[in-house]
Amino acid sequence: MPKKAATIFACTECGAQATKWLGRCPECNGWNTLAEEDKPATRPIGLSASAEPVPLGAIGADLVPRTSTNLPSLDRVLGGGLVAGAVALVGGEPGIGKSTLLLQVAEQLASEGTVLYVSGEESPRQIALRAKRLGIVHDNIRLYAETSVEKINDAIEKLRPVIAIVDSIQTVHTSTNPSAPGSIGQVRDCAGLLMTVAKRLNVPVFLIGHITKEGTIAGPKSLEHIVDTVLYFEGEKLQDFRVIRAHKNRFGPVNEIALFEMHDGGLTEVPNPSAALIAQRSGAPGSAVVAAIEGTRPLLIELQALVSRTNFPSPRRMAVGIDANRVSLLLAVLEKKNGGSYVSSDVYVNLAGGLQVAEPAIDLGIIAALASSQTGVAIPHHTVVFGEVGLLGEVRSVSQPDARAREAAALGFRRVIVPRANAAEIHVDIEVCGVARVEEFLKIVQFQVSDRS
């Protein structure tokens, strides 16, 4: 009888392995995260058979040379452009624009040499139809319908392209692993083989990854550890704006973002994201403009809140683009500091434009929008607020206050309300109002919440 193939169980979150199935991962304590996969029959290939250890001082410390994609916003997210041999993973929901963006990148780089576009999901005819719709016609873009990673590596070896694009990593497979394409082992092994050829030939490689229902890239968590850069597409498919965010970058800052607008002719860069994000603000009660820092870029974003009385015993708390637990915490601070009662009200908070921001500097903006909606008093149209709010009602300092204030002044705002500790750090021609506590902020903006609660 043939010998049964050995199997192992790998955690989809941390990559830990076990010889039998366990309900809970012993490494990351995740429940039901272990999945069965075949044990690889061969050992992984090294980057180079002739590589030798070298002294640290003998290695040049010059800046990494980069190749521009001719899309300034994407170059910014990548840390300045493409790095030779770097592997970038691009994730996002189906139809959000991943393939469209990379086709546009291929067009921009085709004038410098051959671009290899590998598709395991669509036929070359389908890709050509999309390219024609986008106005992309260049003979240096080579389409290759293939799912074998060995054949893909052979094509990269033969063509030596200026960039290789693989759409998607979940569809390719390697003969060294007998499991099905898309399985944990296949995704990890294929990414490792593509990374090896990219480093050996100094060819930048883009991998497109599918998104799970939880919003993360499908496959083992080790996939994100293998690659050099992880980019996520954010935004709603029914909206025009698309946000590309760097969640990991070995060659640049993380959380850097680029804003694009989707049209029939493809994705168009938005040169001034702050102006685009606040272009449609109404200035009605419940609207506040906050200054956030995403990567190295200050952004002005409209934050909207709606406080509505309800007869139901359990009021709703909903937040879009913001941590809902943070909103609940700030509601408790508002009530404690005489900012009104929200026990019998539904509360909805939204960041306009489809952005997701986790920075604590928007706390004061959330406080302002909630109090404004509760009282019906609009925040002055020319005012920007930012600051972190503590549990005791103190307004704490944040980083880069001068950059935030400069962005506000550049867009015509005349006043910023900031933490008092940051007021002396702002050196721009704009009115600066420093506050130390939530009660002081409510009094300055003239929110008479307690009279209506």
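Conventions we followed
Residues numbered from 1 in each chain as written. Predicted model: local features only at pLDDT ≥ 70, side-chain atom pairs only at ≥ 80, totals over all residues. Heavy atoms only, no water. Core = buried A, V, L, I, M, F, W, Y, C linked by side-chain atoms within 4.5 Å. Buried < 20%, exposed > 50% of the residue type's maximum accessible area, 1.4 Å probe, protein only. Helix = DSSP H or I, 4+ residues; strand = E, 2+ residues; numbered from the N terminus. Contact = heavy atoms within 4.5 Å. Phe/Tyr/Trp six-rings, centres within 6.5 Å; stacked < 30°, edge-to-face > 60°. Lys NZ or Arg CZ within 6 Å of the ring centre and 35° of its normal. Salt bridge = Lys/Arg side-chain N within 4 Å of Asp/Glu carboxyl O. Axes fitted to C-alpha atoms, helices over the stretch in contact; angles between N-to-C directions. Parallel < 35°, antiparallel > 145°, perpendicular 65-115°, else oblique.

### Here we look at the nonpolar core
Okay, so step 1: Formed by 45 residues in total, the largest nonpolar core has its most connected members in I301, L303, I322, V349, L370, I417 and F441.
Okay, so step 2: Broken down by element, this core gets its largest block of residues, 7 residues, from helix α9 (residues 363–375).
Okay, so step 3: Apart from the residues within four sequence positions on either side, I417 is in contact with L364, T383, V384, V385, F386, C433, V435, F441 and V445.
Okay, so step 4: In this structure, L71, L109, I141 and I165 belong to the second largest nonpolar core, which totals 34 residues.

### Quick look at the packing of aromatic side chains
Okay, so step 1: One pass over the structure, following the stated rule, counts 0 aromatic pairs.
Okay, so step 2: One residue, R404, lies across the ring of F386, its end atom 5.5 Å from the ring centre.

### Some remarks on the pattern of salt bridges
Okay, so step 1: Within this structure, the stated rule accounts for 16 salt bridges.
Okay, so step 2: As a salt-bridge pair, R437 and E439 come within 3.4 Å of each other at their nearest N and O atoms.
Okay, so step 3: Given a relative accessible area of 32%, E439 falls into the partly exposed group.
Okay, so step 4: What emerges from the salt-bridge pattern is a single network uniting E157, R160 and R200.

### Quick word on the packing of helix α4 (residues 149–159) against helix α5 (residues 184–201)
Okay, so step 1: Running from amino to carboxyl end, α4 crosses α5 at an angle of 10 degrees, the nearest separation of the two axes being 10 Å. Our classification of the angle between α4 and α5 gives roughly parallel. Note on element contacts: α5 touches α4 through C190, L193, L194, V197, R200 and L201, opposite V149, E150, I152, N153, I156 and E157.

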